[in-house]
Every structure is written in C-alpha cells, then in structure tokens.
Amino acid sequence: TRTDGNAYWNGGMYISFEKALQGGHDRFLWLNDDTHLVKDTLLRLEHTLNTRSAISGEYAIVVGTVQDRKREKATYGGVVFSSWWKRTTPQLVYSETEAVACETVNGNCVWIPVAVASVVGNLDTIFVHGLNDFDYGLHTRKAGIAL
C-alpha cells in the first residue's frame, strides 16, 4: 500500500499490520527496515515462544534484542521501568542465554502469534510516529499476556 509519505512508523505499521491480520497467518514479525537479523533469529524467536507456551500453557509476545553493529551494544528490545512513578525512563532488559520478562517493547523486532494479535488487535491510530510500540506492549500486558 502506498501512502503520501506522511504515515511515519505508526501509520505504516498500522496499515501493514491491518492487512497482515486479514491474511490468515499464524505469526507476525514486526521488523524495522534498518534491522539486520542474525542467521537463526526467527528460529530463536519461535523456540522462545514455544518454550514459554509449553511451560505456562499461555501465549506470549517475544521481543528480539537489537544491537548496534558498530559498537556491538544492545540498543532496543524489551524494557522495564525502574519504578512505577518513572514511566518515562525505560531500561532495556535482556539475556544472551534465556528469555527475560519485560513490561513493554521497542518495535524493532517483535514476534507475535495470531492468538495474541486476535486479543490485542492492531496498533492504536492515536500515535503518529513513536510510542505506539510501547502502547501495544502495555495493552498486551493489560490483557494478561506475557512479554
């Protein structure tokens, strides 16, 4: 779908996700256009989802941690907030060896099962560019779905 160039991140994601939700898929991948995946990323995301689901019997969203290729430092992924009153200061959380629970997500690399998307739905159109990935993660948690 073409836009006038003013869709920004959220507008483009909303349009794309809306079409994908109608396509009969069983998984959805949010992936920024400047994100490069390592060889086995999709397998690792799916393995994490299946392991989590097998343990808890429930679905979850799995967030991939993204790193700066030059500095080899983690930059985006799942986040937590240092306290309930500091909701404007997200802290990236991740482990190289195991899944770590988070409170919300950066939308750079997100693996969403259709069962979760059918509960949470699409992104909210109130946001133009940023924050909608955080909002989606918060709505997911509010629905009782793990991140």
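Residues numbered from 1 in each chain as written. Predicted model: local features only at pLDDT ≥ 70, side-chain atom pairs only at ≥ 80, totals over all residues. Heavy atoms only, no water.

## Observations concerning the packing of aromatic side chains
Given two aromatic rings, their pairing is described by the distance between the two centres and the angle made by the two planes. Inclusion rule: Here the aromatic set is Phe, Tyr and Trp, taking the six-membered ring for Trp, and pairing holds for ring centres within 6.5 Å; pairs whose planes are under 30 degrees apart are stacked, those over 60 apart are edge-to-face, and all others are tilted. Note on conventions: DSSP H or I runs of at least 4 residues are helices, E runs of at least 2 residues are strands, and numbering of each starts at the N terminus. In this scheme, a residue with accessible area under 20% of its type's maximum is buried, one over 50% is exposed, and one in between is partly exposed, where area comes from a 1.4 Å probe on protein chains only.
On inspection of all chains with the given rule, the structure shows six aromatic pairs. Centre to centre, the rings of Trp9 and Trp30 are 6.1 Å apart; their planes meet at 80°, and the pair counts as edge-to-face. Linking Trp9 in helix H1 (residues 8-21) with Trp30 in strand S1 (residues 27-31), this pair joins segments that are 21 residues apart in sequence. A residue is classified by how much of its surface remains accessible, and Trp30, at 2% relative accessible area, is buried.

## Thoughts on H1
Let me state the cut-off plainly: How far a helix is expected to stretch is found by multiplying one less than its residue total by 1.5 Å. Each direction from the helix axis to a C-beta atom contributes to the arc, which is the arc of those directions. In this description, contact between two residues means that some pair of their heavy atoms is separated by no more than 4.5 Å.
Between its first and last C-alpha, H1 extends 20 Å over 14 residues, near the 20 Å set by a 1.5 Å rise per residue. Among the residues of H1, Trp9, Asn10, Met13 and Phe17 are the ones counted as buried. The buried side chains of H1 occupy one side of the element, clustering within an arc of 80° when seen end-on. Where H1 is buried, its residues contact S1, strand S8 (109-113), helix H3 (114-120) and helix H4 (132-142).

## Observations regarding the sheet that holds strand S5 (residues 78-81)
Going by this rule: A pair of strands counts as paired when DSSP detects no fewer than two bridges linking them.
The three strands lie next to each other as S6-S5-S7, forming an open sheet whose pairing is antiparallel. Lying at the two open borders of the sheet, with one neighbouring strand each, are strand S6 (90-92) and strand S7 (104-105). Sheet topology places S5 next to S6; three bridges connect them, and they run antiparallel. Within S6, the residue paired with Val79 across the bridge is Leu92.

## Re a nonpolar patch on the surface
The following threshold applies: The patches reported here contain residues having more than 30% relative accessible area and no salt bridge. Joining distances are 9 Å for like charges and 5 Å for nonpolar side chains (Val, Leu, Ile, Met, Phe, Trp, Tyr). Accessibility throughout is a Shrake-Rupley quantity obtained with a 1.4 Å probe, and a residue counts as covered only by protein chains that appear here. Every case where a carboxyl oxygen of Asp or Glu lies within 4 Å of a side-chain nitrogen of Lys or Arg is listed as a salt bridge.
There is a patch of nonpolar side chains on the surface, built from Leu29, Leu31, Leu37 and Leu42 and spanning about 280 Å² of accessible area. Tracing the chain through its elements places Leu37 in the loop between S1 and helix H2 (41-56). Leu37 gets classed as partly exposed once you look at its relative accessible area, which sits at 34%.

## Some details on the pattern of salt bridges
Between side chains of opposite charge, pairing is possible as soon as their charged atoms come close. Per the counting criterion, the structure on display carries three salt bridges. The salt bridge partner of Glu46 is Arg27, with a shortest N-O separation of 2.8 Å. Here Glu46 is found in helix H2, whereas its partner Arg27 is found in strand S1, with 19 residues between them in sequence. A salt bridge links Asp68 to Arg71, with the shortest nitrogen-to-oxygen separation between them at 3.5 Å.

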